[in-house]
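Structural description and commentary
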Protein chains: 2
Amino acid sequence: MSLLTVGSVAFDAIETPYGKTDKIVGGAGTFISIASSYFVQDQNIISVVGGDFPQVTIDDLNARGINTDGLQIKNSEKTFFWSGKYHNDMNSRDTLITELNVLENFDPIVPEVYQSSSYLMLGNLSPSVQSTVIERLKVRPKLIAMDTMNFWMDIAMNDLKKTISMVDILIINDEEARQLSGEYSLIKASVLIREMGPKILIIKKGEHGALLFKDKEVFFAPALPLEEVFDPTGAGDTFAGGFMGYLASTDDLSFENLKRAVIYGSALASFCVEKFGTEKLLEINKEDILARVDRFVSLASFDMNVSVK
Amino acid sequence: MSLLTVGSVAFDAIETPYGKTDKIVGGAGTFISIASSYFVQDQNIISVVGGDFPQVTIDDLNARGINTDGLQIKNSEKTFFWSGKYHNDMNSRDTLITELNVLENFDPIVPEVYQSSSYLMLGNLSPSVQSTVIERLKVRPKLIAMDTMNFWMDIAMNDLKKTISMVDILIINDEEARQLSGEYSLIKASVLIREMGPKILIIKKGEHGALLFKDKEVFFAPALPLEEVFDPTGAGDTFAGGFMGYLASTDDLSFENLKRAVIYGSALASFCVEKFGTEKLLEINKEDILARVDRFVSLASFDMNVSVK
């Protein structure tokens, strides 16, 4: 089935204990659509860039089967730019620069050819932009997932709750789940958040894996223990892209298949952090992904079928 | 096979956001031997208490099949006492009182009937006491596991490393693994720590589960997401007790069986935190444990056997 992604296409400048980059291509929409391109061929993106954005990157996205008719190019403006520095433990970072630029007045346009999109992934963006896209789709997609972050909880909680009420799946991290619900216990948080609208909730816990909640069911997905996390930027978006790409390609919303989608998302994210930006994601192929998934299987599988003496 | 446990038998006074206790029975040796009593009938304990320790508790341990010939009672002295207060997130705590009392000059005695113990669990104690017990066993047990804590890394690293070099399995938490190895990455830490002696390493991550390392193999065990952690005291000891009790009862050191032991340990620990001290552990039965293990299975199992379209 077709997947429509809404999310920033941007420049990042990143510093980690392993090195630093000049401006490189990043953005939630970029990571999501590259990750999902390993699963779906029929893919669309809604975003906006400035005249400074390289055409070659857009060509690369097109070559991956990503239709960019909905990627606006504002020639007289500049692309969204974020710069950040990760601390030694890679679990926290300081934002050094945020230049909204083209995102400041982003009015998402839904091209006619996008109207038939069955799956919609709303990457982290202003919740009002996210809901605008839903409202501009004439037919509600079969499945809508969204990511967000604590920033929007701080400054636009009402808008955010409205958008959350419109989606089927919310994908956030543990800290965000606690802030959104006001509950420290993730189990209690999962109940309160699903009362806000989404029937399915994924709580990402970084190096500690992810939790998937639907109805009375819970799934705990492992994270691959890595020797080194080189650059965590985009890992959450990549998870979402792998997750939604797999769902759109299989078009099966059973809990068993949602679990598989979480494992594929985790596998893609485990590649993402191995190099700066999208570099590693662009190098891999389907065989690499299947081999990585096998590592998740061996990491997490156990068989209790020996009775206690 | 028989299991010998070395560990404190003590009084705790605990304050959590849910309430507080007066002096209740605690101590690593207590939690370990109660947890393992669900698996092994032939069990011994080495410890020391003062004249203030209730005989009824010793009778209860005996009723669980725990031989207490090695539990010294120093009638003119007082039992080890620890008091602590947990913070709201339950992941950190302040120690309010530590009275070593009988533990200050603890000289562990190994009764003759203990000499045939096949499995040895060294609970968190001074590393010199731990190594003394190993040295006083005429025949080295088939399997020796130990727990420790950062306190001993701070004040007795040389003694600690000597003891670690004598054991087969080290069971510590993530923070302790990082301190012991000097490596933030748990994968790198797991290599360095196993170079210190233990062939098998378990890194406990609290609410995030546990990692089991042996040779080139890694297993990621989930933790059960709980609505409430009422009192985390003794959860790590209970994990170790369930783990070693299961291993001693099955006497199978294959990686598959080590995984099962980790799941049993995690299941026991998930009960421990539901009430103060040993209260919940004393209430459950084998059926409760098997039902809890089933929840771990459903929580963590997935099947990737659907090919990507």
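Use the structure listed above.
Please read all numbers here as calculations on a predicted model, not as lab measurements.

**Digging into the overall build of chain A**
Tallying secondary structure elements over chain A gives 11 helices and 14 strands in all. Computed over C-alpha atoms, the radius of gyration of chain A comes to 19 Å, within 12% of the 19 Å expected from 2.2 N^0.38 for 309 residues, which places it in the range of a compact globule. Taking the principal axes of its C-alpha atoms as reference, chain A extends roughly 75 × 45 × 35 Å. The buried share of chain A, taken over its 309 residues, is 50%. The contacts in chain A between residues at least 6 apart in sequence include a share of 68% that link residues at least 24 apart.

**Quick word on the interface of chain B and chain A**
The partner chain A presents 34 residues to the 35 residues of chain B that form the contact. Listing elements by their share of the side of chain B that touches chain A, those giving two or more residues are helix H7 (186-195), strand S14 (217-221), helix H8 (235-250), helix H9 (255-272) and helix H11 (286-300) of chain B. Considering every element that reaches the side of chain B that touches chain A, the biggest residue donor is H11(B), with 5 residues.

**With respect to the environment of Asp22(B)**
All names here are of chain B. Positionally, Asp 22 belongs in the loop between strand S3 (19-20) and strand S4 (24-26). A tally of 8 C-beta atoms within 10 Å means that Asp 22 is categorised as exposed. When the C-alpha atoms of Asp 22 and Ala 235 are compared, they prove to be 19 Å apart, with 213 residues separating the residues in sequence.

**Quick notes on the sheet that holds strand S5 (residues 43-50) of chain A**
Residue and element names in this part refer to chain A. If you walk across this open sheet you meet the 9 strands as S6-S5-S1-S9-S10-S11-S12-S13-S14, and the pairing is mixed. Edge positions in the sheet fall to strand S6 (66-74) and strand S14 (217-221), since each has one partner strand and no second. Put simply, the sheet's adjacent strands are angled 15° from each other on average, direction ignored. Two strands pair when backbone bridges link them, and S5 and S6 are joined in this way by 7 bridges, in the parallel orientation. Paired with Val 48 across the strands is Gln 72, a residue of S6. On the sheet, helix H9 (residues 255-272) packs against strand S12 (200-204), strand S13 (210-214) and S14 and is oriented at approximately 160° with respect to S13.

**Observations regarding the packing of helix H1 (residues 28-36) of chain B against H8(B)**
Residues and elements named next belong to chain B. In the contact formed by H1 and H8, the axes pass within 7 Å of each other and the chain directions differ by 40°. The angle between the axes of H1 and H8 places the two elements in the oblique class. Where H1 crosses over H8, the handedness of that crossing is right-handed. In contact with Ala 28, Phe 31, Ile 32, Ser 33, Ile 34, Ala 35 and Ser 36 of H1, H8 contributes Asp 237, Thr 238, Ala 240, Gly 241, Gly 242, Met 244 and Gly 245. Partitioning the contact of H1 with H8 into residue classes produces 7 nonpolar, 6 polar and 1 charged.

**Some details on the relation of the copies chain B and chain A**
Mapping chain B onto chain A calls for a screw motion: a turn of 180° about the axis and a shift of 0.0 Å along it, with 0.0 Å RMSD after fitting. Within this description, the copies of the chain are treated as partners about a two-fold rotation axis. When C-alpha positions in chain B are compared against the rotation axis, the closest is assigned to His208(B), at 2.9 Å. Comparing interface residues between copies, 97% of those in chain B also lie at the interface in chain A; the contact surface is shared.

**Structural notes on the pairing of strand S8 (residues 93-99) of chain A**
Sparse coverage of S8(A) is indicated by the burial of 0 of its 7 residues. The antiparallel hairpin formed by strand S7 (residues 81-86) of chain A and S8(A) contains 6 residues in its connecting segment, where Met90(A) sits at a positive phi of about 65°.

Definitions and cut-offs
Residues take numbers from 1 onward in each chain, read along the sequence in its written order. Each chain gets a letter, beginning with A, and each ligand a number, beginning with 1, in the order they are written. With the structure being a predicted model, the display of local features is reserved for residues of pLDDT at least 70 and the display and counting of side-chain atom pairs for 80 or more, all residues being used for whole-chain, interface and lining totals. A run of H or I in DSSP becomes a helix once it reaches four residues, and a run of E becomes a strand once it reaches two; helices and strands are each numbered from the N terminus. In this treatment the radius of gyration is a C-alpha quantity, and the globule benchmark scales as 2.2 Å times the residue count to the 0.38 power. Exposure in this text rests on C-beta crowding, where 20 or more other C-beta atoms within 10 Å of a residue's own make it buried, 12 or fewer make it exposed, and counts in between make it partly exposed. The C-beta atoms are placed from the backbone. Residues are scored as being in contact if the C-beta atoms we place from backbone atoms lie within 7 Å. Two strands qualify as a pair provided DSSP detects at least 2 bridges between them. Angles shown run from 0 to 180 degrees and are taken between the N-to-C directions of axes, each axis being a line fitted to C-alpha atoms and, for helices, limited to the stretch in contact. The labels follow the angle: roughly parallel below 35 degrees, roughly antiparallel above 145, roughly perpendicular from 65 to 115, and oblique for the rest. Crossing handedness: left-handed means the near helix sits turned counterclockwise from the far one by under a right angle, and right-handed means the same turn made clockwise. We call Asp, Glu, Lys and Arg charged. Ala, Val, Leu, Ile, Met, Phe, Trp, Tyr, Cys and Pro are nonpolar, and the rest, Gly among them, are polar. For the least-squares superposition of copies, only C-alpha atoms count, and only for residues with pLDDT at least 70 in both.

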